[in-house]
Amino acid sequence: MDQAVIVSARAVGKRYRRDGTAFDALQDVSFSIAPGTFGVLVGRSGSGKTTLLNIIGGLDRPTSGALHAAGRDLAGLSDGELSRYRNEKVGFVFQAFNLANEDSALENVLTPYLFARGRHRDAVERGRASLASVGLSDLADQKAGTLSAGQRQRVAIARAIVRDPVLLLADEPTGNLDAETGSEVIGLLKHLNHEQHMTVIVATHDPELTEAAGFILTLRDGRVAADEAEP
Amino acid sequence: MRPGKALAVATRSLARRRGRTAMLVSGVVVGVAFLVLLLGFVEGMRRNLVEKLVGTLPVTHLEVSTRSYGVGALQFDNPFADLDSAAVARIAAMPGVDRVLPMAGLRVAAQLRASFFGRGFATDAAVYGILPDQLGEDLPAGGAFSRRLSGPVPAVVSRKLIDMYNTGFAESNGLPKLNERILVNQDAMLTIGSSSLSPAAFGAPVDHVPLQIVGASDNVPLACISVPIEYVREWNGRLRDEQAAGAYLSAIVVAEDARAVESVARDLEAAGLQVDTGRESAEKIGAIARYLSLAFGLVGVVILFVSGLGIANALALSVLERSREIGVFRAVGASRGNVRTVFLLEALLLGMGGSILGIGTALGLQEVADRLILRSLPDSPLIPATFFVTTWQIMGLALIIGVAVSVLAGVSPALRAARLQPADVLKGA
C-alpha cells in the first residue's frame, strides 16, 4: 500500500443474508484517504456509511474486495490481530456515546487499556492527559451517567484517542447533541485532526460538516455516488 | 488480556449487579452447603461407628458369638447353641486355631458406683469376664488381673471408652479429663443384681462387690467393665444357675496365622457358630456410609445442577443486557477470546464465592445441629462429641463441584457473548 495512503478500499462489498434474502449494504466501493485527512462519509440513513466505517475500523469484514488500513490488509487478519488493530490503531466515537454510566469518566477512558499491555500507572496518566485534551480534566472522577450529553461525548472522544490511534472514526457523533454542543464536538474533532495530525473520518448526514472536509465520500444505496479529495 | 485485568472486569461486572450476583451466589451456597452437610454427616456417622464403636480386631482374630440376644446385662439365652467349655475345647482343637479366649457376660443386671474428682456417679454397667491372655500387651504386671482370694475385684476398662468420655462427656459437662494413670487403683463399687431399670429386680439377691481398676486396654469390649472370667462365672452360678455359670457370651478365636483365618472362619460357621470380625463390621458400615454418601451427594449435586441452570439463565440474560457493553469492549480491542474469558471468569467467581460461603454455612449449621442434638440427648460416653466430620477432602470436593457446575453453566453464555457481532450490537442510538 502506498505510504501516502492511510486507508485504501478496492471494490469493497458487504452482503448480508437475512431470512434467506441477500442484501447488499455496500457494493464496489473504492477510495483512498491520505494520512492526516479530515474525511467525511455522507449519505442518507441506510446508505452504507456505518457499514463502511465499521469495515475501516475492523469491527466488520467485507464480503468482497480488499481494504487496507494503517498498513494492514484487514481481510487477512485473524480475530486476535483485528482486535489488536482496533486497540492500537483505531478510535471509535459513537452517536450513542456507549459509556458505562456507573463508571467514572476516567474509568471509561481507560477501557481500551483493559485489553492492552502496560502498567496501570502509565495508563491512568495517559487517561488523565486524554481527558485534559478534551477539556474534562476536572471531571475525571465523576460518574459518566451524571455528565451532560456534550460532556459524555467528550469522554467518548477521550476514550477513542487514549491509545494514540492513527484513525479516529466517528459515526454520527453529533446525532444526540443539540446544535451548539454538536458544533463544539465537531470543533474538537477538527482540533485533533489539525493539532495531532490524526486521520479523522466522520459518518454524517450533516452537510455542514463537508465544508471543512479534506475528503468526502458520498454513498447512495451502498454505492459511491461521489468522492472528492481536498481541492 | 492479562488475567488480572480480566479478573478486574469480571469482578466489576458482578459488583455492578449486586442483586443478581447475590441471588446466583445464594443458589450455589445452598447446593454446596447441602452437599457438605450431608457428606459431613455420613463421614461422622462412619467414623463414630467404625472407629469408636466397632473397632477392629487383629487380622488373625475372629469373634465367635454365642448367638444370644440382647445388649449388655439384658441377655436372652440362645435357643440354638451354647458356647460352653466343651464348645471352646472343640474350637481350640480345630485345625489352624492357635488359642481360644472365651468371654463370659454377667447374666444379671449390675450398677457401678464410683467417685472421680470428688463427684460421685452411678451407672448401669455391663460386666464381662475375660482371660488375662486377651489383654495381650496391656496385661498389668504382677498378676494384678487375676482371681484374688480377698480384696477388690480387679477390673480393666476400654481405652476407647476413656477417649469417648474425654471427648464427649467430659467436654460437654466441663469435667476434668481422665487418663490411665488417674484411673489405675481407682476404687468403685459394683452392685450385682440391681439396675436403674430394675432395682433389686423381682426380689433377686443383690451383691455388693468392691472393684479396683487395674488398667485399660484396646482388647476388651467397649462399653463394659472387664474382670477375670472366674468372677463372672461364679456370680452367674450364684445369682442365676449352673448353666449360666458354664456358658460363654462369645470367644475370640486366634488363628495360627493370617492365611488360616479364612478356613477357620469357614469351619466355625459350619459348626453352627456366628463368626464376626471387627473388620467385617467396619467394612459393612463403610459400605453403607459410601452408599449414603453417594445418595446424599447426588441430592447435593442435583441442587447444584438446578442452581447451575439458574446461573446459565442469568448469564444468558446478562449477555443480552450487556450486548452494548460487549460491543464497546470489542470496539476498543477485545478479542472473542477476551469476552469469553471475562464471562467464564464471572461464572468461576460466582462458583468460588458460592462454594466458599456454602462450606462456611455448612460448618456453621453443623455446629448448631450438634448443639441441638447433643442438648436433646442424655449425657453418655457413648454419644460422640460431634455427629459431623467435614474433612478437607469433603470441602475440596464441594469446592470443585460448586466451581465446576458454575463454570459449565457459564460456557454457553460465554460462547454466545463471544459470538456477538459488535457492528450489530452498536447500531443505533
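Residues numbered from 1 in each chain as written. Chains lettered and ligands numbered in written order. Predicted model: local features only at pLDDT ≥ 70, side-chain atom pairs only at ≥ 80, totals over all residues.

Novice: How should I be thinking about the overall build of chain B in this particular structure?
Specialist: The number of helices and strands found in chain B is 13 helices and 13 strands. Per-residue burial for chain B yields a buried fraction of 41% across its 429 residues. Taking the contacts inside chain B whose residues are at least 6 apart along the sequence as the reference set, 84% of them involve residues at least 24 apart. (Helix = DSSP H or I, 4+ residues; strand = E, 2+ residues; numbered from the N terminus. Buried ≥ 20, exposed ≤ 12 C-beta atoms within 10 Å, placed from the backbone. Contact = placed C-beta atoms within 7 Å.)

Novice: Looking at this structure, I do not really get the overall build of chain A. What am I missing?
Specialist: Per the secondary structure count, chain A includes six helices and ten strands. Sorting the 231 residues of chain A into buried and exposed places 48% on the buried side. Of all intrachain contacts in chain A linking residues separated by at least 6 positions in sequence, the fraction that spans at least 24 positions is 69%.

Novice: I tried to follow the interface of chain A and chain B on my own but got confused; where do I start?
Specialist: As a measure of interface size, the accessible area lost when the parts come together is often cited. With 23 residues of chain A at the contact, the number on the chain B side is 19 residues. Looking at the side of chain A that touches chain B element by element, the count peaks at six residues for helix 2 (residues 79-89) of chain A. Grouping the amino acids of the side of chain A that touches chain B by side-chain chemistry returns nine nonpolar, nine polar and five charged. (Nonpolar A, V, L, I, M, F, W, Y, C, P; charged D, E, K, R; others polar.)

Novice: Please explain the environment of Val42(B) as it appears in this structure.
Specialist: Residue and element names in this part refer to chain B. Residue placement: valine 42 occurs in helix 2 (residues 18-54). With 250 residues separating them in the primary sequence, valine 42 and leucine 292 have C-alpha atoms 6.6 Å apart. In contact with valine 42, not counting residues within four places along its chain, are Ala289, Leu292, Ser293 and Phe296.

Novice: So what exactly am I meant to see when it comes to unusual backbone geometry here?
Specialist: For residues besides glycine, phi is generally negative; the peptide bonds are generally trans as well. Residue and element names in this part refer to chain A. At alanine 70, a position not held by glycine, the phi torsion is positive, near 50°. You can see alanine 70 is positioned in the loop between strand 4 (64-69) and strand 5 (72-73). Alanine 70 gets classed as partly exposed once you count the C-beta atoms within 10 Å, which come to 19. In the Ramachandran plot, histidine 197 falls in the positive-phi region, its phi being about 55° despite a non-glycine side chain. Owing to 11 C-beta atoms within 10 Å, histidine 197 belongs among the exposed residues under this scheme.

Novice: Sorry if this is basic, but what is going on with the packing of helix 5 (residues 149-161) of chain A against helix 6 (residues 179-196) of chain A here?
Specialist: For any two helices packed against each other, the geometry is given by the interaxial angle and the distance between the axes. Residue and element names in this part refer to chain A. At a minimum axis distance of 10 Å, the contact between helix 5 and helix 6 shows a crossing angle of 20°. As the angle between them shows, helix 5 and helix 6 are arranged roughly parallel. The two elements helix 5 and helix 6 cross, and the hand of that crossing is right-handed. Listed contacts from helix 6 to Ala149, Gly150, Gln153, Arg154, Ile157 and Ile161 of helix 5 are Thr181, Glu184, Val185, Leu188 and Leu192. Classifying every residue of the contact of helix 5 with helix 6 by side-chain character gives six nonpolar, three polar and two charged. (Axes fitted to C-alpha atoms, helices over the stretch in contact; angles between N-to-C directions. Parallel < 35°, antiparallel > 145°, perpendicular 65-115°, else oblique. Left-handed = near helix turned anticlockwise from the far one by under 90°.)

Novice: Help me understand the sheet that holds strand 1 (residues 7-18) of chain A in this model?
Specialist: Strand pairing in a sheet is mediated by backbone hydrogen bonds. Such pairs are either parallel or antiparallel. All names here are of chain A. The four strands are arranged 2-1-4-5 in an open sheet whose pairing can be described as antiparallel. Sheet topology places strand 2 (21-33) and strand 5 at the edges, where each strand pairs with a single neighbour. Two elements, strand 1 and strand 4, share five bridges in a ladder whose sense is antiparallel. Counterpart to alanine 9 in the pairing with strand 4 is leucine 67. (Pairing = 2+ DSSP bridges.)

Novice: Looking at this model, I keep getting lost on the nonpolar core. Mind explaining?
Specialist: The tendency in soluble globular proteins is for nonpolar side chains to be buried as a group. Formed by 124 residues in total, the largest nonpolar core has its most connected members in Leu168(A) and Val36(B). Sort the elements by how many residues they give to this core and helix 2 of chain B lands first, with 14 residues. Leu101(B), Tyr165(B), Cys224(B) and Ile252(B) belong to the second largest nonpolar core, which has 58 residues in total. (Core = buried A, V, L, I, M, F, W, Y, C linked by C-beta atoms within 7 Å.)

Novice: Looking at this structure, how should I read the pairing of strand 2 of chain A?
Specialist: Looking down a regular strand, the side chains alternate between one sheet face and the other. Note: strand 1 of chain A against strand 2 of chain A, nine bridges, orientation antiparallel. When the sheet's bridge partners are listed, Val7(A) is paired in strand 2 of chain A with Ile33(A).

Novice: So what exactly am I meant to see when it comes to the pairing of strand 10 (residues 207-217) of chain B here?
Specialist: Residue and element names in this part refer to chain B. Summarising the sheet, strand 8 (residues 153-158) and strand 10 pair through six bridges and their orientation is parallel. Of the residues in strand 10, the one forming a bridge with valine 153 is leucine 211. Relative to strand 10, strand 9 (residues 187-192) runs antiparallel, the two being bridged by six bridges. Note that in strand 10 the partner of threonine 191 across the bridge is histidine 208.

Novice: How do you make sense of the packing of helix 11 (residues 336-376) of chain B against helix 12 (residues 392-419) of chain B when you look at a structure like this?
Specialist: Residue and element names in this part refer to chain B. Close contact between helix 11 and helix 12 brings their axes to 7 Å; oriented N to C, the two are set at 150°. For the element pair helix 11 / helix 12, the angle class is roughly antiparallel. The handedness of the crossing between helix 11 and helix 12 comes out as right-handed. Here the residues of the contact of helix 11 with helix 12 are counted per class, giving 20 nonpolar, seven polar and three charged.

Novice: What exactly am I supposed to notice about helix 1 (residues 49-56) of chain A here?
Specialist: Residues spaced three or four apart along an α-helix face the same direction, because each turn holds 3.6 residues. All names here are of chain A. In terms of residue burial, helix 1 counts as a mostly covered element, since eight of its eight residues are buried. Looking at helix 1, one finds that the buried residues are Lys49, Thr50, Thr51, Leu52, Leu53, Asn54, Ile55 and Ile56. Looking one or two residues beyond helix 1, the residue adopting positive phi is glycine 58, at roughly 75°.

Novice: Just to check I follow, could you spell out the confidence of the model for chain A for this structure?
Specialist: On average, chain A scores 88 in pLDDT, and the residues at 70 or more come to 96%. The lowest-confidence element of chain A is strand 10 (residues 223-229) of chain A, averaging 71 in pLDDT; the highest-confidence one is helix 3 (residues 105-109) of chain A, averaging 94. (pLDDT = per-residue confidence, 0-100.)

Novice: Explain the environment of Ala258(B) to me, please; I cannot follow it from the model alone.
Specialist: Within the fold, Ala258(B) resides in the loop between strand 12 (250-255) and helix 8 (261-270). Sequence separation between Ala258(B) and Thr60(B) is 198 residues; the distance between their C-alpha atoms is 5.1 Å.

Novice: Whenever I open this one, the confidence of the model for chain B confuses me. Can you help?
Specialist: Should pLDDT be low for a region, the predicted coordinates there are not to be read in detail. On average, chain B scores 80 in pLDDT, and the residues at 70 or more come to 86%. A low-confidence stretch, residues 70-75 of chain B stays under pLDDT 50, and its non-local contacts, those more than four residues away or across chains, total 14 contacts.

Novice: Just to check I follow, could you spell out the environment of Arg181(B) for this structure?
Specialist: Tracing the chain through its elements places Arg181(B) in helix 5 (residues 180-183). Arg181(B) sits 33 residues away from Val214(B) along the chain, and the two C-alpha atoms are 9.8 Å apart.

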